[in-house]
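# Structural overview
One-letter residues, chain by chain:
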Amino acid sequence: MNPMHPDDLARRLSSGLLSFPVTHFDADLAFDEDRYREHLSWQADHDVAGLFAAGGTGEGFSLTPEEIDRVVRAAVGEIGGRVPVLAPATGGTAAAVAQARAAQEAGADGVLLLPPYLTEAGQAGLIEHVSAVCAATDLGVIAYSRANAVYTHRTVAALAERNPNLIGLKDGVGDIEAMTRTYATVGDRLIYIGGLPTAETFALPLMELGVTTYSSAMYNFVPEFALEFFGAVRSRDRAEVYRRLNEFVLPYLEIRDRGRGYAVSIVKAGLDAVGRGGGPVRPPLTSLADDEREELAALIRKVA
């Protein structure tokens, strides 16, 4: 199975909703490949444009490199050819390069380059970091701008000029002026993906800034709702977007914001609530409290 050409991947990803599948663990916190594959198959049965394996919601930060490779290979084996699979690259430059090469060997369609771990760098260093990863693979690469790797519009322009297989920028900052400068400078050379936690909250205003799609965590457990919400955003149906925000998204955020790391934990709890078994999170994340899980389940029943 040949991976998608970067240009084809960019067109496919920009055509619809994206998501980060959770990574399933068993009671001993080992990777549960059977349940993960079952989940991916269910996710691929809906109209999703791309899935990011072992990303943020997939607890990629808690996986070993060997586990990441196994997760990516499981994703490719289960849904490759049906839905584009994007693998993570993270850590320092040497580690990110190795993961990008491993992603290509595993048959992934693209790479999401997450911020380097526990270090700070200027824009010149970030240009070299991203460029090294792009040079290490033929796959399309998306740079995730957040935390300690926030790319200025000049940096994004330089990266787009230097690296033909850089296909997108995922925004995890939400700075309107910065995003406006980036789109004004780079235009449609790249695709722009919303990457803030619970991206539905920001989807409508960011659409006007050229951010035409986003990754939905709640797609994991209420895919129909997530797709309908995305449709309302795409059609710029403000009344429907705000109705759904009030109906589900904003109350969901109230639960999510009660604990650090709950942006991941609440997704697994959501899968439990719909009877699809999200499983535990790995430390240092913690699961929702019992009363929070019950509150979430009641909320989901209103829209599922």
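Right, let's walk through the structure included here. (Residues numbered from 1 in each chain as written. Predicted model: local features only at pLDDT ≥ 70, side-chain atom pairs only at ≥ 80, totals over all residues. Heavy atoms only, no water.)

The number of helices and strands found in the protein is 12 helices and 8 strands. At 18 Å, the protein has a C-alpha radius of gyration in line with the 19 Å of a compact globule built from 304 residues. Projected onto the principal axes, the alpha-carbon positions of the protein cover approximately 50 × 45 × 35 Å. Relative to its full complement of 304 residues, the protein shows a buried share of 56%. The long-range fraction of contacts in the protein, counting pairs at least 24 apart against all pairs at least 6 apart in sequence, stands at 71%. Accessible surface computed for the protein: about 12,600 Å², of which carbon and sulfur atoms make up 50%. Averaged over its 28 positive side-chain charges, the protein has a centre that lies 3 Å from the centre of its 40 negative ones. (Helix = DSSP H or I, 4+ residues; strand = E, 2+ residues; numbered from the N terminus. Rg over C-alpha atoms; globule rule 2.2 N^0.38 Å. Buried < 20%, exposed > 50% of the residue type's maximum accessible area, 1.4 Å probe, protein only. Contact = heavy atoms within 4.5 Å. Areas by Shrake-Rupley, 256 points an atom, 1.4 Å probe, with all protein chains shown as cover. Lys, Arg positive; Asp, Glu negative; His and termini not counted. Charge placed at Lys NZ, Arg CZ, Asp CG, Glu CD.)

Taking strand neighbours across the sheet as the criterion, the 8 strands line up as S1-S2-S3-S4-S5-S6-S7-S8 in an open arrangement whose pairing is parallel. The open sheet terminates on both sides in strands that have one partner only, identified here as strand S1 (18-19) and strand S8 (213-214). Taken together, the 2 bridges between strand S2 (residues 50-52) and strand S3 (residues 85-89) define a ladder with parallel strand orientation. Among the inter-strand pairings, Phe52 is bridged to a residue of S3, identified as Leu86. Where helix H3 (residues 65-79) meets the sheet, its contacts fall on S2 and S3, and the angle it forms with S3 comes to roughly 170 degrees. (Pairing = 2+ DSSP bridges. Axes fitted to C-alpha atoms, helices over the stretch in contact; angles between N-to-C directions.)

Tyr151, Met218, Phe221, Phe248 and Tyr252 are the most contacted members of the largest nonpolar core, which has 89 residues in total. Excluding residues that lie within four positions of it along the chain, Phe221 makes contacts with Trp42, Phe248, Tyr252, Ile266, Val267, Gly270, Leu271, Val274 and Ile300. In terms of nonpolar packing, the next biggest core, distinct from the first, is built from 15 residues, Leu13, Leu86, Leu112 and Tyr144 among them. (Core = buried A, V, L, I, M, F, W, Y, C linked by side-chain atoms within 4.5 Å.)

This brings us to the pattern of salt bridges. Summed over the entire model, instances satisfying the criterion amount to 19 salt bridges. The closest approach of N and O atoms between Glu33 and Arg37, which form a salt bridge, is 2.9 Å. Note that Glu33 and Arg37 are positioned in helix H2 (residues 33-44) at a spacing of 4 residues, about one turn of the helix. Residue class for Arg37 comes out partly exposed when judged on its relative accessible area of 23%. One salt bridge connects Arg37 with Glu78, and the closest N-O pair in it is separated by 3.0 Å. (Salt bridge = Lys/Arg side-chain N within 4 Å of Asp/Glu carboxyl O.)

Looking now at the packing of aromatic side chains. One pass over the structure, following the stated rule, counts 8 aromatic pairs. Ring plane angle 70 degrees and centroid distance 5.5 Å describe the contact between Tyr183 and Tyr192, whose orientation is recorded as edge-to-face. You can call Tyr183 partly exposed: its relative accessible area is 31%. Three or more aromatic residues joined by ring pairs form one cluster here, namely Phe221, Phe225, Phe229, Phe248 and Tyr252. (Phe/Tyr/Trp six-rings, centres within 6.5 Å; stacked < 30°, edge-to-face > 60°.)

Worth remembering: the numbers are spatial, not functional.
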